[in-house]
Amino acid sequence: MKRRNGFLTAGLVLTGLVAALILLGAFWTPYDPNAMAAGPKFDSPSPAHWMGTDNFGRDIFSRVLQGAGATASIALATLFIGAAGGCLAGALTGYFGGAADELLMRLNDVLTAFPSILLALVVISVLGPGKKINVILALGLVFIPSFARVSRTAFASLRDVNYIQSARLMGASNLRILAVHMLPNTAPVLLPALTIGFNNAVLAEASMSFLGIGVTPPDASLGYMLSEAQGMLFAAPWYAAGTGLVIVAMVFSVGLLGEGLRRRDKGVL
Amino acid sequence: MKRKLLEVLLLLGLLSAALCGCGGGSTGKTAEAGPADSAGTQDPAAQPAADHPNAITVGIAQDLDESLDPHLAVAAGTKEIMFNVFEGLVKPTPDGDLVPAVASEFTSDGTTYTFTLRQGVKFHNGDAVEMRDVVYSINRNRLAEDGGEPLIPALSAIKSMTADDTTLTITLDQANTEFLAYLTLAILPEDYDGQDTAPVGTGPFKFVSRAAQDNIVLERFEDYWGEPAYLDKVTFKIIENADSILMSLQSGAVDLFAHLTSTQVAQLGDDFNIEEGTMNLVQAMYLNHAEKPFDDVRVRQALCHAVDRQQILDLAFDGYGSLIGSSMYPAFGKYFDDSLTNHYPHDVEKARALLADAGYPDGFAMTITVPSNYQPHIDTAQVIVEQLKEAGITAEIQLVEWGSWLSDVYAGRQYQATVVGVDASTMTARALLERFTSTAGNNFINYNSPLYDSLFVKATSSAGEAAQTEFYKEMEADLTKNAANVYIQDLADLVAVRKGLTGVRFYPIYVLDLAGVRYTA
């Protein structure tokens, strides 16, 4: 246990860096991210424009900073819906079992059977495209099943352990048992699931915006920018490269963090 | 520790693989949703192109109307394609003239039009064109069903129509020199009711098949009365995703694509010739006058002053395009009034003053609805959003798919502002200007100007061509003065044509004529 956890340290540092950049982007960017003709069109990377400019002469670095914020906030909100909904379903089914368990988990299987992007597309087409909140709702719904399965397993494994049975004998209410005695002990399973979920959410947002159903222009998000960049891959290769690098950095750092958390808790479980 | 390092590297590799997989998967999804990528071998339409050199695949950005009946077509994109399948008594030429088609000759004194039916014209189903088909086709557009508005309201000017086997005489209630343009309406066989799904006309190409959201196939009509088309077969491939257009051209899946952006053209490389014409569209930010605050002329004028159109051309179109100032484009020579073009010079101060005058000193918020399959309009809207910011107006873009644009914006008139291009269905000024009369069914901006309405009556009833042109110009001036819309430009039409192909012809109306396209080798 006293061994240094390199993954955790590296993950924390990198995630911190990315988070700092995103925070910076929320308050300050070198140029107005939407200001056109901030520089010449299709200017290659230079000290003035670190990642060059796009077809409207907008500063790509400024847009990446802002877009990363948009992507991260969508991913976090998605994660919140997915994790909250999934944990609730997982806790109830894992703890109580019975017919409700069967029903909910089969429903879960049905949802899992859909390709996630396709499911999100369906939800978006029902809710209407072009609104951030709808993207979040759609992705959140898509993320519920995986969390439900993970947390159900965790809760079910804790259901019959001695200290839970003692708590039950002492007359603790089901709610108290679930919230106070069980939830904290599912953390070793849930935390890595959360970091993986965050990464999936980032990629899902990127895919959705890439398909043109995420954020609407002129707002930037990493996925939307990547899809724009694809149209000018030969005129401005740095556009796709810069945007793609940031997605990779974001996913990689949180991935490291998740791996670090998993290793730290390995001894516990 | 070494092994762990290896694991990290593997993890990194996995992550980037997942990312790439995601990118690739996304493109695949696009191909499923709107079959954009025809490079795959599973596409039967792309295969024959390689085997039979005398066929091409043409990319189009949107599916055609649900019904292919030419009399009922709404979308410019449908008329553009079906121009190859249908003809009227007369048909337009690239120079803007009208020449006999199903009729072999015609005479007119302004009030009475006499047509001689061309001998030996056949429909695609093999039947000969008879006078009753001509009469049927005209009447179908002229007479209202169930008391509604006729399909072509202008045809109600016909006082009487007499026909024998070879001659058709049309008498108008008053002289109208531009009436001929309406007789470009498609001649259809009278006893055939499958036009919706399997259209039959007399044009140089005949309809073969259609797969909704995927393709339309035309073949050369061997019994065509005039100069036959060069190509045996033309496949129109629907590529709604703007990003896939470039790839489909470069992969060889598509040989010809019209209406490209300058950015796309710049990336195409050496395999293509770029032909440049004009799109013959009135691109504008159309404003719904029934919605506040666009009912106030000062607000509309402020918008016109706030928008810097030259900057739109420079930023979004690499400088291509011709500026306009009213609902008329330069290709329409005599009707185009260039003095209106710069009626509203870019002037943010003036825009702010006008807004303050109208009671919006701090600006207002508005939504610009843009069809998501037209990248030029999306780009234009993005520049406009930035420019309006300077005048204190907060605009946001709402992307809608083409189908909902047609139903909600165009037909339903539920919108504030929209950036699109409006075309002329026939080669007359009327085709562009009649829609803004207060009672027109397609007056989707709810324009209401009594002066405009009365000018329109005068224009359509005047006998002399010169006087008529003057009235039309006054109507254009009325639109400009009232800032009916924020007029922007007639887009440059950049057509990518694979090297070895030639014969693309540009018209003053929005059509894609493929009869002259041929392989040079």
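Remember, predicted model here, so these are calculated numbers, not experimental data. (Residues numbered from 1 in each chain as written. Chains lettered and ligands numbered in written order. Predicted model: local features only at pLDDT ≥ 70, side-chain atom pairs only at ≥ 80, totals over all residues. Heavy atoms only, no water.)

Participant: Account for the overall build of chain B, with residues named and values stated.
Facilitator: Each helix and strand counted, chain B has 14 helices and 21 strands in total. Across chain B, the fraction of contacts at a sequence separation of at least 24, relative to all contacts at a separation of at least 6, is 70%. In the structure as shown, chain B presents an accessible area of about 20400 Å², 51% of it carried by carbon and sulfur atoms. (Helix = DSSP H or I, 4+ residues; strand = E, 2+ residues; numbered from the N terminus. Contact = heavy atoms within 4.5 Å. Areas by Shrake-Rupley, 256 points an atom, 1.4 Å probe, with all protein chains shown as cover.)

Participant: Run through the sheet that holds strand β10 (residues 233-238) of chain B, naming residues and quoting values.
Facilitator: All names here are of chain B. The seven strands are arranged β8-β9-β10-β1-β11-β19-β12 in an open sheet whose pairing can be described as mixed. The two strands at the open ends of the sheet, each matched to only one other strand, are β8 (205-211) and β12 (272-278). Each strand of the sheet is rotated relative to its neighbour by a mean of 20°, with strand direction disregarded. As defined by bridge partners, strand β1 (residues 55-60) adjoins strand β11 (residues 256-260) across two bridges and the pair is classed as parallel. Within β11, the residue paired with G59 across the bridge is F257. (Pairing = 2+ DSSP bridges. Axes fitted to C-alpha atoms, helices over the stretch in contact; angles between N-to-C directions.)

Participant: Before we move on, could you go through helix α11 (residues 402-411) of chain B and cite the residues and values that matter?
Facilitator: All names here are of chain B. The complete set of buried residues in α11 reads W402, W405, L406, V409 and Y410. What you see down the axis of α11 is that its buried residues fit within an arc of 115°, all on one side. Turning to α11, the residues buried within the fold contact β15 (365-371), β16 (394-400) and β17 (417-423). One or two positions beyond α11, positive phi appears at R413, with a value near 55°. (Buried < 20%, exposed > 50% of the residue type's maximum accessible area, 1.4 Å probe, protein only. Arc of directions from axis to C-beta.)

Participant: Describe in detail the packing of aromatic side chains, supporting the description with residues and values.
Facilitator: Residue and element names in this part refer to chain B. Under the counting rule described, the total for this entry stands at 19 aromatic pairs over all chains. Summarising the aromatic geometry, the rings of Y374 and W402 are spaced 5.3 Å apart at their centres and angled 70° between planes, so their arrangement reads as edge-to-face. Of this pair, Y374 sits in the loop between β15 and α10 (375-390) while W402 sits in helix α11, placing them 28 residues apart in sequence. The same class applies to Y374 and to W402, which are both buried. An angle of 5° between the planes, with centres 5.1 Å apart, marks the rings of W402 and W405 as stacked. One end of the pair is W402 and the other is W405, both in helix α11 and three residues apart, which spans about a single turn. The class of W402 is buried, set by a relative accessible area of 17%. By relative accessible area, which is 4% here, W405 ends up buried. In textbook terms, an aromatic cluster arises when at least three aromatic residues are bridged by ring pairs, as seen for Y286, Y374, W402, W405, Y410, Y415 and F444. (Phe/Tyr/Trp six-rings, centres within 6.5 Å; stacked < 30°, edge-to-face > 60°.)

Participant: Can you tell me about the environment of L178(A), naming the residues and giving the values?
Facilitator: All names here are of chain A. Topologically, L178 is positioned in helix α7 (residues 174-182). Put simply, L178 and R159 are 19 residues apart on the chain and 9.4 Å apart in space, counted from C-alpha to C-alpha. What L178 contacts, discounting residues up to four positions off in sequence, is A91, L92, Y95, F155 and L183.

Participant: Kindly report on the pairing of β1(B), identifying the contributing residues and their values.
Facilitator: Residue and element names in this part refer to chain B. The buried fraction of β1 is high, at six of six residues. Taken together, the six bridges between β1 and β10 define a ladder with parallel strand orientation. Paired with I56 across the two strands is V234, which belongs to β10.

Participant: Could you give me a rundown of unusual backbone geometry, with the residues and numbers involved?
Facilitator: Residues and elements named next belong to chain B. Residue K292 is joined to P293 through a cis peptide bond whose omega torsion reads 0°. If you check the backbone angles, N446 has positive phi at about 55° while not being a glycine. For N446, the position within the fold is in the loop between α12 (429-433) and α13 (450-461).

Participant: Tell me about the side chain of Q468(B), residues and numbers included.
Facilitator: Residues and elements named next belong to chain B. Looking at the element boundaries, Q468 is found in helix α14 (residues 465-481). A relative accessible area of 1% places Q468 in the buried class. Among the polar contacts made by the side chain of Q468, one reaches the main-chain carbonyl oxygen of A459 at a distance of 3.2 Å. Discounting residues that sit within four places of it in the chain, Q468 has contacts with N176, T177, E178, A459, T460 and S462. (Polar contact = N/O pair within 3.5 Å; in protein donor to acceptor, adjacent residues only side chain to side chain.)

Participant: Run through a nonpolar patch on the surface, naming residues and quoting values.
Facilitator: On the surface, a nonpolar cluster with roughly 570 Å² of combined accessible area is contributed by L21(A), L23(A), L24(A), F27(A) and W28(A). Mapped onto the secondary structure, W28(A) falls in the loop between α1 (6-27) and α2 (60-96). (Patch = residues over 30% accessible without salt bridge, like charges linked within 9 Å, V, L, I, M, F, W, Y side chains within 5 Å. Salt bridge = Lys/Arg side-chain N within 4 Å of Asp/Glu carboxyl O.)

Note that every value here comes from positions in space, so none of it alone points to a role or purpose.
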